[in-house]
Each structure stands twice: as C-alpha cells, then as structure tokens.
Amino acid sequence: MAVAIVMLLGITAKAQFVKAEVQVSGLTCSMCQLATEKAIKTLDFVAEVKPDLNKNVYLVSFKKDKSVQLDLIKKKVKDAGFSVSKLVAIFNFDQQKISNDFHFTYAGNKYHFMDVSEKTLDGPIRLTVLDKDFIPAGDFKKRAAKTSFECYRSGVMGKTRTYHVTL
Amino acid sequence: MKRIFFLLSLLLAGLNTAAQELYVATEPASNMPKNGLAIRMTQEGGFQNGYQSRTIPELMYGVNKNLMVHASAYLSNFFQNSYKLEGWSTYAKYRFLSIDSTNRHFRGAVYAKYSASNNPIDFQEINLEGNNSGWQTGVVFTQLLHKLALSGSINYNKALDNRGANLFPSSLAAESIGYTFSAGLLTYPKVYRDYTQTNVNVYLEFLGKKNLGRNENLMDVAPAVQFIINSNLRIDVSQRFQLWGNMTRNGKNMYLIRMEYNLYNVF
C-alpha cells in the first residue's frame, strides 16, 4: 500500500536543479542569439544565462527558490524562432539511488530515467532530456517507436508533466 | 552573365564560413523573434533625369513565433522636383514550415503586402515600394546549409489605381509575377566569442519581374554588404544593376543604404 502511494505520488528526490545547458538549433546570427538569450532571461526562475556563441549553447543557471519549468525554456526558444536540439539538466544529487524506470518529482514535474543501470548519484550530475522538442524531431520519432513507455510518447504520466532523462 | 556566375561561384566557394539570411533586397522565410521590434531607415537613389532619391522609414514587429508585420512610409522626389510623402505599405509574413537541426534549417513562409501611392502612373514596372498602389502575395523558402543561406521566392503583384485620382492606365499590364533568388554569407567573425563582435555579411540577390500577358521582363542583380554591430544595429549597403529588361521603370540601378535598430522583448 505504502509502495503504491509512493509510486502514485512519485518520489521527491534528494536533488537540487541548479542549471541547464541548452543547445539551440537553427540560429544563424548574433542578433538571433541575443534575441534568444534575452527571451530566456525573462523567465522568473532564471538567474543567469551564459552563451557559448560558437556552439549555440546557453548555460542557464536557476534561482534556488523558484520552480524550474523546462517547457517554458523550450517555449522561449521557439518564440524566438528556433528549436532546442539538446538540453542537459544539471541536478545536485545527495546519495540518490536510481535504476531504469526510476522517477522522482521536482517542482511539480516528474523526471523519469531511461536507459540507465542501477547506480547511486551524488553531487552534480548531467541528465540529458530525451523528450519531444528537446531533441531533434527525427531522434524523438525513433525513440518513440522503440519504447514501451506511453508516457514517453505523451510526455505525461497520469496528469503530471513527465520529462524523460538519461545519464 | 558570365561575371554573375563567377560571383555566385565565389560565394558558394566560401562554404567554410558561417551563413546569413538577413537579406537586403528580399525577406527570408525566417521571422523576427516574438516581441521583437525593429526600426529601419532606408535611403535609396540613383540618376534618372537627374539625381533622385527615396526615404523609407519602417517598423517591423514579431507578433508571435510564426507571424511578423511591417509598416512603411515612402517619401521621394521620383515624380516631382521636391520631396513629398508619396505613400505607405503594410506587409505580413507567416512561417508555415520550420525544419531545424544544428547549424542547418529549412523554412517556408507565405507573405502579403498592401501598398498605397499617390504618384502618377507612367511606367510599365509594377513597383510596390512607393510607385504603385496594389497588393502582392507570395511564398518564400530559405535553406541554411551550415555555412551558406539560400533563399528563393515567387510572388504575384496586382496594381490598383493610385491615390489622388491617378487611375491605372488600361494601356499598362496590371499584373506581374516576381521571382527572386538570394545568397548570403557571413565573412566575419570566423569564431564567435561575444555579442560585441561586428558581423560582416555579403549578399548576392537576383530580382526578376514579368508582366502577365505581355512580353515585358526585367532582371536585377543586387550585391550587398552588411555590418551588424553590437548584435542590434544593422547597416546595409547595396547597389542594384539591371542585367536585362524591356520594361519602362522609375528607379533603375539604385544604391541602397539602410540602418536598422533591433529591440528585444518590447512588450
């Protein structure tokens, strides 16, 4: 029973979401890059944005007391006219045991591990988000066709927004 | 013609630098960012019955990620000795296709323009940049190929009566097809470090027109150089040359100088 409740609610992990590396595709000029950076900066949970202009990567650090919503970052990039081609979420873990299909809840969203072996995570860990609009469209289609997880295709588990991550 | 293909092959040969699609004579299929506002001032001119020039103030705004709008005013001495306000235009572009991957994208957009002018109508070329009242609709596709941005568009133009009782003469063709091909290339910087580095882009654009139902054609080539300063101030310098044509026109072989200032997240 207790296990069922925990499964239902998801596990609140011993983790802090500190920053994300957002790679943006389709950018062609410094004006586009500046527009994208300024759009990301308008989000209330964003503390700082550091661009790597040569690689089209933004290192976005988050405020400690705000809830981080990756979908809002994706929306800002899309509104600027571009797409997210890769997003690496950097969480600070504290002795968190994980395995394939393990999921935890953070800021109202679920994070669901895919393609990982059993492990204990400690310290800053880079998790690559695998969901639609966070990887190239072709890669998402391939993964969606292969996986048995319906929540991967839909991006939701029950009614909770669920991001799928891997190491 | 040979010289043109030589220039084009030079442009294509520069494949190991980054590319640009902020075309000077045309619009790419890409749009401005949502909530972005650009303020433009364009000056163009040349010699035709003496020196004549046109000034075009313009505002551009990104409504959402797929829709952007322009509003322009036209002032010139093209049809009289003194400078006057001769008309205005409004333009909208909707991006319907966007296939992005790293350093590469393919985009498609449809666009429409309405233009009003109070000039007399004396020329065969339908020109919705100040000379004619009328409307235009077209489609544009832009491909960024890691290092080079190529764009092509085709549009339909319909001339209407100009304002101030300047009726469209029945002797002229009221409909035309326009077609363009543009190539753009970033030449500097080779490596991006920060937003203050000035970008230098070079462009070569081909701009053709054909009046429907008539044997009236023209083709211009417009080489251009562009500087982007501080990632928000853009300066374009271009010179158009008519390659061939048998249309009477007002505004042949003009230079163009433009300044554009970009503001982000304005609302």
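Rules used in this analysis
- Residues numbered from 1 in each chain as written.
- Chains lettered and ligands numbered in written order.
- Predicted model: local features only at pLDDT ≥ 70, side-chain atom pairs only at ≥ 80, totals over all residues.
- Helix = DSSP H or I, 4+ residues; strand = E, 2+ residues; numbered from the N terminus.
- Rg over C-alpha atoms; globule rule 2.2 N^0.38 Å.
- Buried ≥ 20, exposed ≤ 12 C-beta atoms within 10 Å, placed from the backbone.
- Axes fitted to C-alpha atoms, helices over the stretch in contact; angles between N-to-C directions.
- Left-handed = near helix turned anticlockwise from the far one by under 90°.
- Contact = placed C-beta atoms within 7 Å.
- Nonpolar A, V, L, I, M, F, W, Y, C, P; charged D, E, K, R; others polar.
- pLDDT = per-residue confidence, 0-100.

(A) Seen up close, the overall build of chain B. Across its full length, chain B holds one helix and 13 strands. Moving toward the C terminus, one meets the helices and strands of chain B in the order α-β-β-β-β-β-β-β-β-β-β-β-β-β. Relative to the 2.2 N^0.38 estimate, which gives 18 Å for 267 residues, the radius of gyration of chain B is 18 Å and therefore close to what a compact globule would have. Projected onto its principal axes, the C-alpha positions of chain B cover 55 × 50 × 35 Å. With 267 residues in all, chain B has 39% of them scored as buried.

(B) Layout of unusual backbone geometry. Looking along the chain, the bond that leaves Tyr188(B) and enters Pro189(B) is cis, with omega of 0 degrees. On the secondary structure map, Pro189(B) appears in the loop between strand E8 (175-188) and strand E9 (199-211). One non-glycine residue, Asp133(A), lies in the positive phi region at around 70 degrees. On the secondary structure map, Asp133(A) appears in the loop between strand E8 (119-129) and helix H4 (137-146). With a phi close to 55 degrees, Asn49(B) is a non-glycine residue in the positive phi region. Within the secondary structure, Asn49(B) is located in the loop between strand E1 (37-47) and strand E2 (51-62).

(C) Spotlight on the packing of helix H2 (residues 30-41) of chain A against helix H3 (residues 70-79) of chain A. All names here are of chain A. Axis separation between H2 and H3 bottoms out at 9 Å; the angle between their running directions is 145 degrees. Considering the relative orientation of H2 and H3, their crossing is right-handed. Residues Thr-36, Ala-39 and Ile-40 of H2 form the contact with H3, whose participating residues are Ile-73, Lys-76, Val-77 and Asp-79. Looking at the contact of H2 with H3, its residues break down into four nonpolar, one polar and two charged.

(D) Just the environment of Gly164(B), in detail. Structurally, Gly164(B) is set in the loop between strand E7 (149-159) and E8. A sequence separation of 43 residues divides Gly164(B) from Leu207(B), and the C-alpha atoms of the two residues are 30 Å apart.

(E) Molecular detail of the confidence of the model for chain B. All names here are of chain B. Looking at chain B, the pLDDT average stands at 90 and 92% of residues meet or exceed 70. This stretch, residues 8-19, has a pLDDT under 50; its non-local contacts, to residues over four places away or in other chains, come to 26 contacts. We note a pTM of 0.86 for the whole complex and an ipTM of 0.77 for its interfaces.

(F) Quick look at the confidence of the model for chain A. Residues and elements named next belong to chain A. Per-residue confidence for chain A averages 88 on the pLDDT scale, and 92% of its residues sit at or above 70. Predicted confidence in chain A is weakest over helix H1 (residues 2-9), with a mean pLDDT of 45, and strongest over strand E4 (residues 57-62), with 95. Low pLDDT, under 50, characterises residues 1-9; the predicted model gives this stretch one contact beyond four residues in sequence or across chains.

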